[in-house]
Amino acid sequence: MSDAVIYQVEGDVAVLAVNNPPVNALSHAVRVGLVEGLDHALADDTVRAIMLIGMGRTFPAGADIREFVSAPKDPWLPEVCNRLEAASKPVIAAVHGTALGGGFEVALGAHYRIADDKAAFGLPEVTLGILPGAGGTQRAPRLGGAEVALDLMLSGRPMKVTDKRAGVFFDRVVSGDLRQAALEYAAEIIADGANPRPTRDITDGFRDAADYQSVVQDKLAEVSRRPEIAPVEIVRCVEAAALLPFDTGMAFERAAFDTLVASDHSDALRHIFFAERKAAKLPELAQGTARDIDRVGIVGGGTMGAGIAAACLSAGLRVMLVERDGTLLDKGLSRIRDILERDVRRGRLGIDRFEDHLSRLQGRDDLVAMADMDLVIEAVIEEMDVKQQIFAQLDGIVGENTVLATNTSYLDINEIASVLEQPEMLVGLHFFSPAHVMRLLEVVVGERTGADAVATGVALAKRLGKIPVRSGVCDGFIGNSVFAAYRAVCDFMMEDGASPYEIDKAMRSFGMALGPFQVSDLAGLDIAWARRKRLAPTRDPADRYVVVADRLCERGWFGQKTGRGYYRYPDGARKGEPDPEVLAIIEAERAVAGIVPRSFSVKEIQRRVLAAMANTGARLLREGIATRPGDIDTVLVHGYGYPRWRGGPMKTADQAGLLALKADLERFAAEYPRFWQVEPVFDALQREGRHFSDLDRES
Ligand code: CAA
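Conventions and cut-offs
- Residues numbered from 1 in each chain as written.
- Predicted model: local features only at pLDDT ≥ 70, side-chain atom pairs only at ≥ 80, totals over all residues.
- Heavy atoms only, no water.
- Buried < 20%, exposed > 50% of the residue type's maximum accessible area, 1.4 Å probe, protein only.
- Helix = DSSP H or I, 4+ residues; strand = E, 2+ residues; numbered from the N terminus.
- Pairing = 2+ DSSP bridges.
- Phe/Tyr/Trp six-rings, centres within 6.5 Å; stacked < 30°, edge-to-face > 60°.
- Lys NZ or Arg CZ within 6 Å of the ring centre and 35° of its normal.
- Near = heavy atom within 4 Å.
- Polar contact = N/O pair within 3.5 Å; in protein donor to acceptor, adjacent residues only side chain to side chain.
- Areas by Shrake-Rupley, 256 points an atom, 1.4 Å probe, with all protein chains shown as cover.
- Nonpolar A, V, L, I, M, F, W, Y, C, P; charged D, E, K, R; others polar.

1. Considering the pairing of strand 16 (residues 440–444)
- In terms of residue burial, strand 16 counts as a mostly covered element, since 5 of its 5 residues are buried.
- Neither face of strand 16 is left uncovered, since the one carrying Leu440, Glu442 and Val444 and the one carrying Leu441 and Val443 both have all their residues buried.
- Bridge count for strand 15 (residues 426–431) against strand 16 is 4 bridges, and the pairing is antiparallel. Of the residues in strand 16, the one forming a bridge with Leu429 is Val443.
- Where strand 16 lies against strand 17 (residues 467–471), 5 bridges are found, and the strand directions are parallel. Paired with Val443 across the strands is Arg470, a residue of strand 17.

Below is the structure:
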């Protein structure tokens, strides 16, 4: 029998233990093993009940996502679930860890369910652009009703078995030895002479048909507004569960699953699932060892420093905040307190834990306080001199095992490291604002950064629940380099004839959370203005420079916080209104530049943005700043509001077709060759019939 499912008989119970580390995904070998084990148990007259359990850390956590690219091999998972359900002897699922997706569907196919009290279960398929395709859409509402079933399927969030709504799915929740408890439960079932209890026969979930239907209709209205296609299909399947006989409902589910799994959305969402995990495997991890981190020093209590401190406190670390003087220190400490208090108000943090977090926070106005820290993160203003001074001082204060990190978002880490006695101890840790919320962490590796410092940065990311992505050193690293190209191309289009409002609308309809000009207004135009002024002396005069933003800043229009920017925010409104004066300024500047305005379609705006992002990403790959295309996608999705269901710009480029994108790039390059230098990889990949995602697979 297959090694992926271990078959044992204990007394009169056959135990089928899934053995497919790390998460017991229901790969082909597991499905074969389950069917073989079931047949064996049914043929053995001494066996009176069958138990399904997972070995290692979990009950199966789903179908094997890697298998979705090709036609499934027999037996398919829906068939496995049907056969378990049709068994003539009671089948008991013993759940621990995370019974997700196909794993939970297997449990729904069983007749009885017992769970360890720490276990969770769920139907996260929507996060992969698909729906539960092994009967989950038909069985979950039968057992639990429409509301809880739809909640599981549309949110994709796991639910704890101890949640009171989980009771409809689990017959028994136990602590201690699950296998033993499940054997005892099986003995009771046998002693009671209890029969198999096929979920397909349950009608309780539909008892209140009107109520069921109204839940379905409400959800349909809600999900129709979402850009993804899977949620609507999920609701339709749940509706079908009540309206159609079980087997017809299963066929309905299968047809929807087949459509979704072949869709671009699902392709993109599966890509980003694996890209996030691969990104966290930095090459330096093979050579370096992470230092133990308990005490983190943070230099600078501004927005970033305070956010980083809050993230560290929430992860159970001790934090020492250092500011230049007592006044700034008080401000920094109260910023941290404010963040945590907000979490308490929103119910995300209990008062006990709030007190505990604060008890681990200290502050000083002298860098000497950093002497016994395991890690020191600098988060002061973006000025090379200031940063170098701080690190030069820290060099004489911290021990030789202290890892040093800078939160710079643009500056050259190699230059910062040049003031250090041990430059190998410095790593870039680029957090995104708000740092206690955003999951992305760019781990910036300089020429002399040591593998231990990198490993420590990655360990910190994991401790904080963040996704680390490696970036080499360049102006803006991965994220801000791609974002700068995006912003530039939007400025060019604005000067050439599109209004900022048209561009924002086009990018929102592409799926961006906000349009680029809305983002500028929200972030504050003054920050980018200060940077432009700083860079002005070294700017190449041959570069195209759009002055509109400068004109707004000269008027004191810094965005939302000043009531005016690209938009108007009357009476402190959060949502901006288009501003005719801004359009007049743009028109005047066009005239100065001698540009005759032309119109841009939504499609053209989106194509230019995609071309600029993907071409910049390709350059970062060629220069070795980014390790793989999936890293760039992970950065854009987690740091810049790029729609997850598009998978990131490199994935969107693959889906748009590299030949077509190259043709676009060449057309744009004819207009402005300095900006649009077509990266050679487009030609190379499309000639070989390959994609950026092939580079991911090979890395
Ligand atoms: N298929 C294939 N590989 C999977 C997988 C799956 N369903 N789930 C996890 N893995 C892999 C990960 O890629 C990772 O591989 P590497 O070590 O090579 O990077 C490894 O298992 C461990 O995963 P994590 O790093 O994510 O481990 P974790 O402990 O942080 O999280 C988890 C564990 C909660 C199970 C998480 O992996 C997860 O959420 N997995 C996806 C669950 C899921 O979406 N299931 C539904 C699948 S679709 C389905 O089942 C369709 C259907 O109806 C038939």
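2. Here we look at the packing of aromatic side chains
- For the structure on display, the rule yields 21 aromatic pairs.
- Between Phe104 and Phe169, the aromatic rings sit 5.4 Å apart at their centres with planes inclined by 80°, giving edge-to-face as the arrangement. Placement of Phe104 in helix 3 (residues 102–109) and of Phe169 in the loop between strand 8 (159–160) and strand 9 (172–174) is noted, with a sequence separation of 65 residues between them. Just as Phe104 is buried, Phe169 falls in that class too.
- Among the aromatic residues, ring-to-ring pairing joins Phe492, Phe668, Tyr672, Phe675 and Trp676 into one connected group.
- In this arrangement the basic side chain of Lys533 is found over the ring face of Trp529, its NZ or CZ atom lying 3.5 Å from the centre.
- Directly above the aromatic system of Trp557 lies the positively charged group of Arg555, at a separation of 5.7 Å from the ring centroid.

3. Thoughts on the pairing of strand 1 (residues 5–10)
- Direction of pairing for strand 1 relative to strand 2 (residues 13–18): antiparallel, over a ladder of 6 bridges. Each residue of the ladder has a partner; that of Val5, found in strand 2, is Val18.
- Connecting strand 1 to the antiparallel partner strand 2 that follows it, the hairpin turn spans 2 residues, and Gly11 within it adopts a positive phi of roughly 65°.

4. Here we look at the site of the ligand
- In the vicinity of the ligand lie 27 residues, with Arg57, Gly102, Glu105, Arg277 and Lys281 positioned nearest.
- One nitrogen or oxygen atom from the side chain of Arg57 is found 2.5 Å from an oxygen atom belonging to the ligand.
- At 2.9 Å, a backbone N or O of Ala61 approaches a nitrogen atom of the ligand.
- Coverage of the ligand by the protein chains reaches 74% of its 980 Å² of free accessible surface.
- The set of elements that each furnish at least two residues to the shell around the ligand consists of strand 5 (98–100), helix 3 and helix 10 (264–279).
- Considering each element in turn, the shell around the ligand owes the most residues, 3 residues, to helix 10.
- Of the residues contributing to the shell around the ligand, the split by class is 15 nonpolar, 5 polar and 7 charged.

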